[in-house]
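Examining the three-dimensional arrangement
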Amino acid sequence: MRPLCLRCRRPESTCYCARLPRLETRMRVVFLQHPRERRVAIGTARMAHLSLPNSELHLGVDFTGHSRIEALAASPQRVAVLFPGEGAMTLEQAKANPPEALIVVDGTWPLAKKVVKTNPMLAGLPRIGFTPSRPSNYRIRAEPAEHCVSTIEAVVEVLGALEGGDPKRFDAMLNPFEFMVDTQLDSQSTREDPPRRRIYKAPWQPPLELRSLAEDLPRLVLLYAEANAHPLEAGLEPELVHLVACRPATGERFEAILAPRQPLARSTPLHTELEESVLRAGEDRDTALARFEAFLGQDAVLAVWTTYALDLLWRDGVTRRPATNIRMATARALKGKAGGVEQAVSLLGTEPPALWAPGRAGRRIQALEAVARELIRRGQATQPPVRN
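Residues numbered from 1 in each chain as written. Predicted model: local features only at pLDDT ≥ 70, side-chain atom pairs only at ≥ 80, totals over all residues. Heavy atoms only, no water.

- The chain appears in an unreviewed UniProt entry as tRNA-uridine aminocarboxypropyltransferase from Hyalangium rubrum.
- According to UniProt, the comment filed for the chain under the heading Sequence similarities (unreviewed entry) is "Belongs to the TDD superfamily. DTWD2 family." (UniProt positions renumbered as here; feature names shortened; annotations may be inferred.)

Laid out in structure tokens, this is it:
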């Protein structure tokens, strides 16, 4: 039997303790871990717990009679559960009144749902849900959908949004996680002995993220947006100034340059690659967004490279619709990091369509359309790709 590290409970040869940061938080993080997840060597809840001094880890399925959890559940105005679902707050909404304690349910999706269902007291607490801003790097464990990330990745994103200050401060928690993933993949690639058990292989089908994009094609609307963004110290929220969108199923396209309502930031003409005079002469905001709502219709599924464009739209009052992250699907297709959307075009070996809109937004929507079409093509495949 291999000697184990008593702290991280990993074999000493793959111990990640030296890479664990120590990050103080205002918010108390309370992990509820399904017992089966404790036995999973590549689980991340313990890793997150060890990185956060102001956290606690409880094991179980039914927490009825658990004094600590019942005490938390008795204060719904101060406690929230990190779990998606109907009525869940977005991170933007949670920022207005951040909870003092955050309950994080750890387990596979079926196991985590069982914990929530088994404990009605959790149902009485506010929920927080979010669309990940970056794809999961959990390459050693399959996630059921593109919006699913590991426990530690979810906690990093939520703490970065709700703790204030530098949102990248909690990225240090991902160092031991990435070490664990890389170590596991390296071990698998050099393993010479056969698997310990026979694994049933279902008929081949494209990855879930690509199949979902292909299924959504009739309703899919790709979009990219640019903002009039001031330095943080100015205290001004970014505002939408250039919006481009297209429907890959029909080829329909939309563009609007919106006149800024706030003072024009010095950097805005530079990063949008549009003349200051063009920006100032832009369309009335309400008129442009009404045109965009009409372009979307009732059943559109929005597709973006990052969630920044969605944040700008929701802030301006555009009706919220289902959204999907093309960057995450690209990372799954490449089995690695996708980089920027223009870089992804070459990584996927596809050709962009003709440029049809000006500025940086024009190049980005051109690249996004090329990437989406290639992912959809792969999602519609009936045979696995030929390996070179």
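Moving on, there is more to tell.
As for the packing of helix H9 (residues 208-216) against helix H16 (residues 359-379)
- Close contact between H9 and H16 brings their axes to 7 Å; oriented N to C, the two are set at 105°. By the angle class used here, H9 and H16 are roughly perpendicular. Touching Leu210, Arg211, Leu213 and Ala214 of H9 are Leu375, Ile376, Arg378 and Gly379, all from H16.
- Of the residues assigned to the contact of H9 with H16, the class counts are five nonpolar, one polar and two charged. (Axes fitted to C-alpha atoms, helices over the stretch in contact; angles between N-to-C directions. Helix = DSSP H or I, 4+ residues; strand = E, 2+ residues; numbered from the N terminus. Parallel < 35°, antiparallel > 145°, perpendicular 65-115°, else oblique. Contact = heavy atoms within 4.5 Å. Nonpolar A, V, L, I, M, F, W, Y, C, P; charged D, E, K, R; others polar.)

Considerations on the pairing of strand S4 (residues 101-106)
- Among the six residues of S4, six are classified as buried, and the element is accordingly described as predominantly covered.
- The alternating pattern of S4 places Ala101, Ile103 and Val105 and Leu102, Val104 and Asp106 on opposite faces, both of which are buried.
- Sheet topology places strand S1 (residues 28-33) next to S4; six bridges connect them, and they run parallel. Considered in S4, the bridge of Val30 is made with Ile103.
- In this view, the connection linking strand S3 (residues 79-82) to its parallel neighbour S4 by way of helix H4 (residues 91-96) has right-handed handedness. (Buried < 20%, exposed > 50% of the residue type's maximum accessible area, 1.4 Å probe, protein only. Pairing = 2+ DSSP bridges. Right-handed = clockwise from strand over helix to strand, strands pointing away.)

Quick notes on the sheet that holds S4
- The strand order S2-S1-S4-S3-S5 describes an open sheet built from five strands, whose pairing is parallel. The two strands at the open ends of the sheet, each matched to only one other strand, are strand S2 (55-59) and strand S5 (127-128).
- Bridging between S3 and S5 involves two bridges; their strand directions are parallel. From the neighbouring strand, Val81 faces S5, where its bridge partner is Arg127.
- Sheet contacts for helix H7 (residues 151-162): S1, S3, S4 and S5; angle to S4, the most-contacted strand, approximately 160°.

Remarks on the confidence of the model for the chain
- In this model, the chain carries a mean pLDDT of 87, and residues with pLDDT of at least 70 account for 90%.
- Across residues 139-147 the pLDDT falls below 50, and counting only partners more than four positions away or on other chains, this stretch makes 32 contacts in the model. (pLDDT = per-residue confidence, 0-100.)

Topic: the nonpolar core
- By size, the foremost hydrophobic cluster in this structure holds 37 residues, and its most contacted members are Leu52, Leu102, Ile128 and Met173.
- By size, the runner-up hydrophobic cluster in this structure holds 31 residues, among which are Cys246, Ala338, Val371 and Ile376. (Core = buried A, V, L, I, M, F, W, Y, C linked by side-chain atoms within 4.5 Å.)

Concerning the packing of aromatic side chains
- Going through the model one piece at a time under the given rule, you end up with three aromatic pairs.
- Here the aromatic rings of Phe254 and Phe292 are separated by 5.2 Å at their centres, their planes lie at 55°, and the arrangement is tilted. Residue Phe254 is found in strand S8 (residues 253-257), and its partner Phe292 is found in helix H12 (residues 285-296); the two are separated by 38 residues along the sequence.
- Given the relative accessible area of 5%, Phe254 is considered buried.
- Three or more aromatic residues joined by ring pairs make a cluster, and in this case those are Phe254, Phe292 and Phe295.
- A cation over an aromatic ring shows up here: Arg19 above the ring of Phe179, its NZ or CZ 3.7 Å from the ring centre.
- Over the face of the ring belonging to Phe295 we find Arg247, whose NZ or CZ atom lies 5.4 Å from the ring centre. (Phe/Tyr/Trp six-rings, centres within 6.5 Å; stacked < 30°, edge-to-face > 60°. Lys NZ or Arg CZ within 6 Å of the ring centre and 35° of its normal.)

What about the pairing of S3?
- The alternating pattern of S3 places Val79 and Val81 on one face and Ala80 and Leu82 on the opposite face, and all of these are buried.
- Sheet topology note: the S3/S4 ladder contains four bridges and is parallel. What sits directly across from Ala80, in S4, is Leu102.

Points about helix H15 (residues 341-348)
- Residues of H15 that are buried include every one of Val341, Ala344, Val345 and Leu348, and no others. Angular distribution of buried residues about the axis of H15 spans 110°; they occupy a single face of the element.
- If you follow the buried residues of H15, they end up packed against helix H14 (326-334) and H16.
- Backbone geometry just after H15 places Gly349 at a positive phi near 70°. (Arc of directions from axis to C-beta.)

Let's talk about the environment of Thr64
- Turning to its location among the elements, Thr64 is positioned in the loop between S2 and helix H3 (67-73).
- We classify Thr64 as exposed; its relative accessible area is 58%.
- Separated by 57 residues in sequence, Thr64 and Met121 have C-alpha atoms that sit 8.4 Å apart.
- With sequence-adjacent residues up to four places away left out, Thr64 is seen in contact with Glu70, Asn119 and Met121.
- Among the polar contacts listed, one links the side chain of Thr64 to the side chain of Asp62, at a separation of 2.6 Å. (Polar contact = N/O pair within 3.5 Å; in protein donor to acceptor, adjacent residues only side chain to side chain.)

A short note on the pattern of salt bridges
- Inspection of the entire model under this criterion finds 22 salt bridges.
- The salt bridge involving Glu100 is made with Arg78; its shortest N-O contact spans 3.1 Å. Remark: Arg78 occurs in the loop between H3 and S3 and Glu100 occurs in the loop between H4 and S4; sequence separation between them is 22 residues.
- Judged by its relative accessible area of 34%, Arg78 is partly exposed.
- Its salt-bridge partner being Arg285, residue Glu239 comes within 3.3 Å of it at the nearest N-O pair. A residue pair is termed long-range when its members are at least 10 positions apart, and Glu239 in strand S7 (residues 239-246) and Arg285 in helix H12 qualify at 46 residues.
- Look at Arg285 and you get buried, because its relative accessible area is 3%.
- Among the charged side chains, a network of salt bridges with common partners joins Glu273, Glu342, Arg363 and Arg364. (Salt bridge = Lys/Arg side-chain N within 4 Å of Asp/Glu carboxyl O.)

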